[in-house]
Structures are given as C-alpha cells and as structure tokens.
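Below, each chain spelled out in residue letters.
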Amino acid sequence: MTGFLAELGRRLADRWFTLLVLPGLAYLLVAAAALRLGQSDWHDWRDLWNGFTALTEGTSAADRDALAARTALLILAAVPASAALGALAQSLAAPVERLLTGDWPWKALATRRTTRRAEAWHTANEAYEHDEDPAHAARRNALSLIPPQHPTWLGDRLHTPTVRLSQEYGIDLAVIWPRLWLLLPTPTRDTLTAARSRLDTAFTLGGWALLYAVLAVGWWPSVLIAAAMAMVSHRRASLAAEAYAELVESAVDLHLDRLLTRLAEPRPSPQQGRALTERLRRGS
C-alpha cells in the first residue's frame, strides 16, 4: 500500500507540474518580455537579451552569492505563481467551452447562426435525398450529423449522442447516463474519462489563449501567440469532441442492455424497502 501511495503521489506531482507549472512558467517568461519591451520597442530583442544577461552577470564572490539568492527567490516566487496561473487557465476552460459549443449569452446572434446552419443542412440533405450523391451527404455531415440545434459544429457534435440515442432507444441520455456509468466495465470508463480529459485540456488551452491576449495591452505580439493557441484549442477540441461523442454513443449501444436487465420489472416495492431499512437499522 505504501508503494502504491508513493507512486500515486509521484504521478499526481508530475501531472501538477506538467499541466500547471510548466505552462505558467512559459507565460511568466512572455509576460516578463512584454514588461521589458513594451509596445514601442516590441522587436528590440537585443534589449531583452541584455536584460537577461544582467540578471546572470557577476564575477566576485559577493556577486555570485547575490545571484544565487536572486535565483532562489525567483524560483520560490515563480513556482506558486505559475501554478496559480495554471489554475486560472483551467477556470477559464468553462467559458471557453460555452463559447465553442455555442452556449452564448447573445441569444439573437446564436439564433441567427443556428438558423443559417440549419438551412444549409436541410439544403444539403434534400439534395442528397434527391440524387443520393455522396458529395451532398459529406457536405451535410460536415455541417452536423443531426439537424443543427446549436450555432457551432462542436455544440451539435456533443449533442448528437443525445438525439441519436433518443431516436434509437427512446431514452433520455442525461437521465440514464449516471446509472449506466456505474455498470460500465473499468476499461470502458477509463477510456471515456481519458477522452473527456483530452476535451477539457483543449478547452484549457483556450483559457491560456485568453490570458495571452491580455498581455497584448502591453506587448502586441502576444496576440499572435493567443491566436495560434486559440486555433490549436479549437482543432483539438473538435477532434476530442468527435472521439468522446462516439465513445458515449458506443458505450450506450453496447451496455444499455445491462442497465435494462438490472432495472427490469418487477421493482422492489416501497413496503419491501421499508422492511429492509428497518432490518438494517436493527442490525439484524
């Protein structure tokens, strides 16, 4: 047990360092560059290098001692600051998810975009039904696998299992999923958890993009970093959503019968439940 706990602690520490501290340190370095250069001298890399070398110069013993002290203080301050920035980026993942999935506060804009996507989808679907040209089907499926109900592809893709499983089995996925989850084999749950984790990581990368965009107030090149991160975040989220939605639908297809068997009628009556509760209370 001690070995297991030690290994678990090591893995958690590695994950904490990789997901929070390292991205935070990179952000701090860019923030330091932004503070040093500013908008007017945004491209003065020589000045940035001079500032870096000034921190590491020193020939006498006193200078070296002072440098060691500064380095230790910087490390002590940088690690918790980096972790805090990582936690902030993770907290921004939820707004990024709402943005990418189309859960917008601008209802009029969301409605207009959803309507346009639905019209394009129905046009492609009618063309496919008319001549069964695979190109029309590909165009329709590129918009959405179901009639669009969200202003973004990502929102519809994550909603697709709910619609398909309702049509196929007459179930409400949100209602049956917690109970089905408890019956899933451990490898299946691990696979689903890993897929959802990849999706959350993509949304967290979008949170970092927002943080880098803030630095543009003092140093405009950070906008380029933010834009690149935003594009990568959207791409990764799309791929992860595709995999996660497919896995959810597959899990229901393969294991719904287990839930139906476990919840088959007749169910225990309230009288039986009260009798069992009373027996357990007495401890007999």
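Preceding this section is the structure that the text describes.
Quick caveat, the model's predicted, so the values are computed rather than measured.

Caption draft 1: Main features of the overall build of the chain. Each helix and strand counted, the chain has eleven helices and zero strands in total. If you list the helices and strands of the chain from N to C, you get α-α-α-α-α-α-α-α-α-α-α. For the chain, buried positions account for 30% of its 284 residues. Long-range contacts, defined as pairs at least 24 residues apart, comprise 71% of the intrachain contacts of the chain with a sequence gap of at least 6. Of the roughly 17900 Å² of accessible surface on the chain, a fraction of 63% belongs to carbon and sulfur atoms.

Caption draft 2: Just the nonpolar core, in detail. Core analysis: the largest hydrophobic core is formed by 16 residues, its most contacted members being Leu-173, Ile-176, Trp-177, Leu-180, Leu-192 and Val-252. Broken down by secondary-structure element, the contributors of at least two residues to this core are helix H8 (173-183), helix H9 (186-214) and helix H10 (222-262). Of all the elements, H10 adds the most residues to this core, at six residues. Excluding residues within four positions of it along the chain, Leu-180 makes contact with Ala-251, Val-252, His-255, Leu-256 and Leu-259. One finds Tyr-27, Leu-85, Tyr-212 and Trp-219 within the second-largest nonpolar core, a separate group that totals eleven residues.

Cut-off values and rules
- Residues numbered from 1 in each chain as written.
- Predicted model: local features only at pLDDT ≥ 70, side-chain atom pairs only at ≥ 80, totals over all residues.
- Heavy atoms only, no water.
- Helix = DSSP H or I, 4+ residues; strand = E, 2+ residues; numbered from the N terminus.
- Buried < 20%, exposed > 50% of the residue type's maximum accessible area, 1.4 Å probe, protein only.
- Contact = heavy atoms within 4.5 Å.
- Areas by Shrake-Rupley, 256 points an atom, 1.4 Å probe, with all protein chains shown as cover.
- Core = buried A, V, L, I, M, F, W, Y, C linked by side-chain atoms within 4.5 Å.

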